Amino acid sequence: MNEKISDETYKKIKMYALSQMAKLKNASHNDAHVVRVKNNALKIVRILNVENEIDENLLKIISLLHDFTYTVRKPSVYTYVFEGHIERRIIREVLEKFDLSEETKMVIIGAVFHHTHSFPFGRLNKKRDAYTRILQDADTLDFFDCLRIKMYMRQNSKGIFGNIRNRLSSKLIEYGIDNLEKFLNYPVLAKSFFTDSSKKCI
Ligand SMILES: [Fe+2]
Ligand SMILES: [Fe+2]
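About the thresholds
Residues numbered from 1 in each chain as written. Chains lettered and ligands numbered in written order. Predicted model: local features only at pLDDT ≥ 70, side-chain atom pairs only at ≥ 80, totals over all residues. Helix = DSSP H or I, 4+ residues; strand = E, 2+ residues; numbered from the N terminus. Buried ≥ 20, exposed ≤ 12 C-beta atoms within 10 Å, placed from the backbone. Axes fitted to C-alpha atoms, helices over the stretch in contact; angles between N-to-C directions. Left-handed = near helix turned anticlockwise from the far one by under 90°. Contact = placed C-beta atoms within 7 Å. Nonpolar A, V, L, I, M, F, W, Y, C, P; charged D, E, K, R; others polar.

Visitor: Mind showing me how you'd approach the environment of lysine 182 here?
Guide: Looking at the element boundaries, lysine 182 is found in the loop between helix H8 (162–178) and helix H9 (195–199). Under the C-beta neighbour-count criterion, lysine 182 is labelled partly exposed, with 15 such atoms within 10 Å. Sequence spacing of lysine 182 and leucine 124 is 58 residues, and the spatial spacing of their C-alpha atoms is 9.2 Å.

As structure tokens, this is what we get:
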């Protein structure tokens, strides 16, 4: 990457991304989620000791934009399956609003396109660039964030099948926590995040 993203450009994109994500009512995909993913991504950079290889402003932008699909589509099976494709289609238009080189745009588009389906399907990006790998792991780790689990359970407890849905979700989350290494591009991260405390949230 030749271009270094300025703090000013980062701030502009951050403001825009958060203003759009804050409108979402979805417990799993909103401004709080993308901020946690951003913080996870920065933590991963420190753990892997790759500060010199990563433009942190670019990584933060990628994190804040990765779930933009949900600004144009409601959560559904279709959105879940085709999230990456929808994201790729809409994100270019968003990026045109900002002063970014074509090379930078391609890195962002590549990372957000490939971020989906790590958990529980194990579709990882081990051969792709570091931004793509870090984003996907940062997002995967947020599946097991205590606050997100609680919000998700609360939202899903509504309706006659709420209890059954939550019991199945608890089992899935437990399975994910016990097998976290399988769902990460950097398995070493499984030991560095909040897996023990997350089990208490289920
Ligand atoms: Fe996503
Ligand atoms: Fe996400």
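Back to the write-up after that little detour.
Visitor: Whenever I open this one, the packing of helix H5 (residues 102–113) against helix H6 (residues 130–142) confuses me. Can you help?
Guide: Helices that pack against each other are described as a pair by the angle of their axes relative to one another and the distance between those axes. Between H5 and H6, the least distance of the axes is 8 Å, while the angle of their chain directions is 40 degrees. The two elements H5 and H6 meet at a crossing, and its hand is right-handed. Two secondary-structure elements touch here, H5 through Val107, Gly110 and Ala111 and H6 through Tyr131, Thr132 and Leu135. Looking at side-chain class alone, the contact of H5 with H6 contains four nonpolar, two polar and no charged residues.

Visitor: For this particular structure, what's the right way to read unusual backbone geometry?
Guide: Negative phi is the rule for most residues except glycine; trans is the rule for most peptide bonds. For the bond running from phenylalanine 119 to proline 120, omega is 10 degrees, close enough to zero to count as cis. Within the secondary structure, proline 120 sits in the loop between H5 and H6. The phi angle at asparagine 49 is positive, at roughly 60 degrees, despite the residue not being glycine. Here asparagine 49 is to be found in the loop between helix H2 (31–48) and helix H3 (56–65). Within the chain, histidine 117 stands out as a residue other than glycine whose phi angle is a positive 65 degrees. Structurally, the position occupied by histidine 117 is in the loop between H5 and H6.

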